[in-house]
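Next come the chains, spelled out residue by residue.
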Amino acid sequence: MSRAAVQRALLHPLAKPLVFVVWLLPFAWLAWAAVADRLGANPAEALIRSLGDWSLRALVLVLLVTPLRVTLGLPALARFRRMLGLFVFFYASMHWLAYVWFDMGFDWTEVLADIPKRPFILVGTAAWLLLLALAATSFNRAIRLLGAARWQTLHRAVYVIAGLALLHFFWMRAGKNDFNEVAVYAAILGALMAWRLWRRRRAQPSRVSSRI
Ligand code: HEM
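What you see as residue numbers is a count from 1 along each chain, following the sequence as written. With the structure being a predicted model, the display of local features is reserved for residues of pLDDT at least 70 and the display and counting of side-chain atom pairs for 80 or more, all residues being used for whole-chain, interface and lining totals. Think of the side-chain values as coming from all heavy atoms in the structure, minus any hydrogens and water.

A. Quick look at the coordination of the iron atom of the ligand. Note that water is not among the atoms used; donors are N, O and S atoms within 2.8 Å of the metal (3.2 Å for Na, K and Ca), so sites may look incomplete. In this structure, His95 (NE2) and His168 (NE2) serve as the protein donors to the iron atom of the ligand, at separations of 2.0 Å. In this scheme the shape depends on donor count and angles: four donors with every angle between 85 and 135 degrees give tetrahedral, four or six donors with opposite pairs above 155 degrees and others between 65 and 115 give square planar or octahedral in turn, and any other case is irregular. Between the six donor atoms coordinating the iron atom of the ligand, the angles at the centre fall across 87 to 180 degrees, so the site counts as octahedral. Residue His95 is found in helix α4 (residues 81-103), and its partner His168 is found in helix α9 (residues 157-174); the two are separated by 73 residues along the sequence. On the accessibility criterion, His95 (19% relative accessible area) is buried. Between buried and exposed lies partly exposed: a residue is buried under 20% and exposed over 50% of the maximum accessible area for its type, with that area taken using a 1.4 Å probe on protein chains only. Judged by its relative accessible area of 17%, His168 falls in the buried class. A helix here means a DSSP run of H or I that spans at least four residues, while a strand means a run of E at least two residues long, and both kinds are numbered starting from the N terminus.

In structure tokens form, the structure reads like this:
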């Protein structure tokens, strides 16, 4: 398939609804599996963890948009970024809701007490609050109100969220001494950050040429 054909497909009016439905499928499956009692011996834990996994996968996908857009020469990919960003917020919020519901039984005193008690909950909460700020400012009206420069600065918080989410996952797994998956996500997120730094350095005029 040629690049032009991919670009046309990405601009097709059905492309966004299709991506929306596909990205909703993991949640739909988990909701069905919870109702149909298909989540194993500890469904609450399985649900919280799976939603956590999908939050992190959604975060990786949204951070992949710019490298793919630039390296594959597909500007149309940019039109999916807001929706993919809101899906990170959606999955992280469903993850949090499952924790508050099935782990904490909506006992808000317990929820608040758990934040300082478990460091991985503290950094998870910090990541979610930042996601909330990005979700709340992802609409055109917010961009106009903030101005493009301040909006862009605020939305660089996605890198802080990636770091916090990884730390959350690492600390959560530290208790089980099981770091394989954490290492995979760390490598992927590290590569995506390294690509951005490389691209930024390449865009900066070199000291030699700036002196000439
Ligand atoms: C309000 C904030 C959050 C709370 C209270 C929270 C809570 C939790 C809890 C209770 C677990 C499972 C612990 C266990 O089973 O031992 C967990 C795991 C996890 N969370 Fe969060 N989380 C939050 C935010 C996030 C965010 C923002 C992300 C990612 C963007 C995330 C990603 C994950 C991942 C990847 C796991 C591990 C799942 C696995 O074991 O496969 N969490 N979180």
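B. Inspection of the pattern of salt bridges at higher detail. Every case where a carboxyl oxygen of Asp or Glu lies within 4 Å of a side-chain nitrogen of Lys or Arg is listed as a salt bridge. With the rule as written, the count across this model stands at four salt bridges. For the salt bridge of Glu181 with Arg173, the shortest nitrogen-to-oxygen distance reads 3.0 Å. Given a relative accessible area of 32%, Glu181 falls into the partly exposed group. Given a relative accessible area of 10%, Arg173 falls into the buried group. Several salt bridges converge on common partners, so that one network encompasses Arg173, Asp178 and Glu181.

C. Seen up close, the packing of helix α2 (residues 15-35) against α4. Working convention: axes come from line fits to C-alpha atoms, limited for helices to the stretch in contact. Angles between N-to-C directions cover 0 to 180 degrees. Direction vectors running N to C along α2 and α4 enclose 20 degrees, while the axes themselves pass 11 Å from each other. One finds that α2 runs roughly parallel with respect to α4. The crossing of α2 and α4 is right-handed. Contacts between α2 and α4 involve Lys16, Val19, Phe20, Trp23, Leu24, Pro26 and Phe27 from the former and Met83, Leu84, Phe87, Phe90, Tyr91 and Met94 from the latter. Per-class residue counts for the contact of α2 with α4 are 12 nonpolar, no polar and one charged. When describing relative orientation, an angle under 35 degrees is termed roughly parallel and one over 145 degrees roughly antiparallel, while 65 to 115 degrees is termed roughly perpendicular and anything else oblique. Note on convention: near helix rotated counterclockwise from far helix by under a right angle means a left-handed crossing. Clockwise means right-handed. Here, residues are in contact when the closest pair of their heavy atoms is within 4.5 Å. Each residue gets one of three labels, nonpolar for Ala, Val, Leu, Ile, Met, Phe, Trp, Tyr, Cys and Pro, charged for Asp, Glu, Lys and Arg, and polar for the others, Gly among them.

D. Looking closely at α9. With 18 residues, α9 should cover 26 Å at 1.5 Å per step; its first-to-last C-alpha distance of 25 Å lies within 8% of that length. Regarding α9, the residues found buried are Ala157, Val158, Ile161, Ala162, Leu164, Ala165, Leu166, His168, Phe169, Met172 and Arg173. Of the surrounding elements, those touching the buried residues of α9 are α3 (43-72), α4, α6 (119-136), α8 (148-155) and α10 (180-203). What a helix is expected to span follows from its residue count: subtract one and scale by 1.5 Å.

E. Expanded view of a nonpolar patch on the surface. What makes a patch is a set of residues exposed beyond 30% relative accessible area and free of salt bridges, joined within 9 Å when like-charged and within 5 Å when nonpolar (Val, Leu, Ile, Met, Phe, Trp, Tyr). Computed with a 1.4 Å probe, the accessible areas rest on the Shrake-Rupley method; for each residue, only the protein chains presented here act as cover. The grouping of Trp96, Leu97, Trp101, Phe102, Phe106 and Trp108 at the surface amounts to a nonpolar patch, some 590 Å² of accessible area in total. Considering every element that reaches the nonpolar patch, the biggest residue donor is α4, with four residues. Tracing the sequence through the fold places Leu97 in helix α4. Given the relative accessible area of 31%, Leu97 is considered partly exposed.

This is a description of form; function is not addressed.
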